Amino acid sequence: MKVLAALLLLLSVGVSASPRDPEQHFFDQSFGDFAEELQTAREQGKKGILIMFEMDECPFCHRMKTTVLNQPEVQDYYKENFLIFSVDIEGDIEITDFKGQPTTMKEFAFKQFRVRATPVFQFFDLQGNPIKRGRYTGATKNAEEFLLLGKYIVEKKYQDTSFTRFKRKLRLP
């Protein structure tokens, strides 16, 4: 009985849920047609699309997946507001870009978005345009900072200020 009471107390004070696999719970499945994904995002009432540009051997990508993108509160918030896809910056897989043109993942990342380091989180509006100030390069400090990045985009704070100033205004490092 004491164990049950202790468990209920822990749950009531907001102990975070167990991590979940980001491949299943964070990223959306795609056939690689981003023009079609835009239509899906509009139909589902999303705020936009988020693409994580990554590569297999990237330690910072791995860290994001094992410490941030696997957190249920991150997954739930981002899935509510965005369609989320992963693009391998070294990938030769053919995809269709936001304008309906065929390309490879590698060309999409490097030629269209000048991705040279990973991870890069790029937010797009529902017309397929990169959101001004909607690009974050590198790993965030923690899940809270990544949630704040999502809030910065969802609330359109990027129209008025940089993410760094947005965080500073909230007195966060």
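Residues numbered from 1 in each chain as written. Predicted model: local features only at pLDDT ≥ 70, side-chain atom pairs only at ≥ 80, totals over all residues. Heavy atoms only, no water.

Trainee: It is not clear to me how unusual backbone geometry should be interpreted in this structure. Could you clarify?
Mentor: For the bond from Thr118 to Pro119, the omega torsion is -5°, close enough to zero to count as cis. By the element assignment, Pro119 lies in the loop between helix H6 (105–113) and strand E5 (120–124). Positive phi, close to 50°, is recorded for Arg114, a residue that is not glycine. Secondary-structure assignment places Arg114 in the loop between H6 and E5. The residue Arg133 is not glycine, and still its phi comes out positive at about 65°. One can find Arg133 in strand E6 (residues 130–137). (Helix = DSSP H or I, 4+ residues; strand = E, 2+ residues; numbered from the N terminus.)

Trainee: Looking at this structure, how should I read helix H3 (residues 34–43)?
Mentor: For an α-helix, the turn length of 3.6 residues means that residues three or four places apart are oriented alike. Looking only at H3, the buried set comprises Phe34, Glu37, Leu38 and Ala41. Taken end-on, H3 shows its buried residues confined to a sector of 110°, consistent with a single buried face. Buried residues in H3 make contact with strand E1 (48–54), strand E2 (82–88), strand E3 (94–96) and H6. In this structure Asp33 caps H3, since a side-chain oxygen of it lies 3.2 Å from the backbone nitrogen of Ala35. Where H3 terminates, the next one or two residues include Gly45, which has phi positive at roughly 70°. (Buried < 20%, exposed > 50% of the residue type's maximum accessible area, 1.4 Å probe, protein only. Arc of directions from axis to C-beta. Contact = heavy atoms within 4.5 Å. Polar contact = N/O pair within 3.5 Å; in protein donor to acceptor, adjacent residues only side chain to side chain.)

As far as function goes, none of this settles anything; it's purely spatial.
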